[in-house]
Amino acid sequence: MIKKFENLNELKNAIDASIKGKGRLITLEELLVIMPERKVKRDIRGILKGLIDKKATDLMREERESWR
Amino acid sequence: MALKVIDTCVILKYALDEDGADAIADLFDRIRSRKETAVIPTTVLTELVAILTKRNLRQVALEIEDYLIDLGVEVISVNRDMAVLAGFLKAKYATAQKGFSYNDAIILALAIEYDGEICTYDSEFDSVMEVKKVVP
């Protein structure tokens with residue numbers, strides 16, 4: 001069972017305790033759980049709006065016809 | 001939660017802000033926050049870039065690619081096993097229905113290899129038996 005640290009401070013305290021021999025070792029999995037969300041530069045939602053006059057599925061199917 | 005193989009139409013739908021984009025935004029949020037895992041085969045990238053470059057939107061294509069990578073969508077190269085499996089699937093479904101394209105077959109092979117589900121709006125996958133088809 002992986003403990004989910006709620007925030008960095010909670011993790012820091014757990015690591016400090018571990019270093020001082022008062023706590024258990026923190027696993028890599030636990031570290032990964034609290035890794036911050038990825039930062040995305042710019043949202044692409046609607047980036048093609050007004051640029052293409054076709055539906056997404058039609059665009060894709062049309063392209064896939066050439067793969068048949 | 002099962003790994004999702006994202007189809008090209010999902011990405012395009014979001015970029016076109018069509019109906020359903022809200023659900024895709026939620027999916028992308030879950031991927032960004034690592035609550036879901038998503039992959040695309042390299043061929044989906046090829047397709048996306050081809051569709052947009054044909055319409056003089058090369059730069060937008062590259063921006064979308066960047067976005068997907070930043071989001072945490074993993075791009076998977078088609079390996080030997082996947083290529084062979086895709087060939088079998090292409091043949092199988094080409095005879096069963098109107099036609100299964102090579103990219104359809106590669107997407108399906110990837111979903112099988114990774115024990116995932118196909119995230120698509122495309123009805124071509126409706127009769128697929130090997131994996132589950134889901135919409136965002």
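You'll find the structure just up there.
Note that the structure is predicted; figures quoted are calculated from it, not measured. (Residues numbered from 1 in each chain as written. Chains lettered and ligands numbered in written order. Predicted model: local features only at pLDDT ≥ 70, side-chain atom pairs only at ≥ 80, totals over all residues.)

Trainee: Honestly, the overall build of chain B in this entry has me stumped. Any pointers?
Mentor: Along its length, chain B carries 6 helices and 5 strands. When the helices and strands of chain B are listed from N to C terminus, the series reads β-α-α-β-α-α-β-α-α-β-β. Its C-alpha atoms give chain B a radius of gyration of 14 Å, within 12% of the compact-globule value 14 Å for 136 residues. Each of the three principal axes of chain B carries a C-alpha extent, and together these read 35 × 35 × 30 Å. The buried share of chain B, taken over its 136 residues, is 45%. For chain B, contacts bridging at least 24 residues in sequence account for 63% of all contacts bridging at least 6. (Helix = DSSP H or I, 4+ residues; strand = E, 2+ residues; numbered from the N terminus. Rg over C-alpha atoms; globule rule 2.2 N^0.38 Å. Buried ≥ 20, exposed ≤ 12 C-beta atoms within 10 Å, placed from the backbone. Contact = placed C-beta atoms within 7 Å.)

Trainee: Explanation requested: the interface of chain A and chain B in the structure shown.
Mentor: Taken residue by residue, the interface counts 21 residues in chain A and 33 residues in chain B. Among the residues making up the side of chain A that touches chain B, the classes are represented as 10 nonpolar, 2 polar and 9 charged. (Nonpolar A, V, L, I, M, F, W, Y, C, P; charged D, E, K, R; others polar.)

Trainee: How should I be thinking about the sheet that holds strand β2 (residues 38-41) of chain B in this particular structure?
Mentor: Hydrogen bonding along the main chain pairs the strands of a sheet, whether they run parallel or antiparallel. All names here are of chain B. Judged by pairing direction, the sheet is parallel, and its 5 strands sit side by side in the order β3-β2-β1-β4-β5 without closing on themselves. On the outer flanks of this sheet lie β3 (74-76) and β5 (133-134), each paired with one strand and no other. Across 2 bridges, strand β4 (residues 117-119) lies against β5 in parallel orientation. Following the sheet pairing, I118 is matched in β5 by K133. This element, helix α3 (residues 42-53), spans β2 and β3 of the sheet and lies at about 70° to β2. (Pairing = 2+ DSSP bridges. Axes fitted to C-alpha atoms, helices over the stretch in contact; angles between N-to-C directions.)

Trainee: In this structure, what is going on with unusual backbone geometry? I would like to understand it.
Mentor: If a residue is not glycine, its phi is most likely negative; likewise, a peptide bond is most likely trans. Located in the positive-phi region is D17 of chain B, a residue other than glycine, with phi close to 55°. By secondary structure assignment, the location of D17 of chain B is in the loop between α1 (8-16) and α2 (21-32).

Trainee: Which parts of the structure should I look at to understand the packing of helix α3 (residues 56-65) of chain A against α1 of chain B?
Mentor: The relative placement of two packed helices comes down to the angle between their axes together with the axis-to-axis distance. Running from N to C, α3 of chain A and α1 of chain B cross one another at 140°; their axes reach a closest spacing of 8 Å. As far as their axial angle goes, α1 of chain B and α3 of chain A are oblique. Considering only the axes of α3 of chain A and α1 of chain B, their crossing is right-handed. Touching A56, T57, L59 and M60 of chain A of α3 of chain A are T8, C9, L12, K13 and L16 of chain B, all from α1 of chain B. The class makeup of the residues in the contact of α3 of chain A with α1 of chain B is 6 nonpolar, 2 polar and 1 charged. (Parallel < 35°, antiparallel > 145°, perpendicular 65-115°, else oblique. Left-handed = near helix turned anticlockwise from the far one by under 90°.)

Trainee: In this structure, what is going on with the nonpolar core? I would like to understand it.
Mentor: Nonpolar side chains in soluble globular proteins tend to end up buried together. By size, the foremost hydrophobic cluster in this structure holds 50 residues, and its most contacted members are I64, L108 and A109 of chain B. What I64 of chain B contacts, discounting residues up to four positions off in sequence, is I44 of chain A together with I11, A15 and L48 of chain B. (Core = buried A, V, L, I, M, F, W, Y, C linked by C-beta atoms within 7 Å.)

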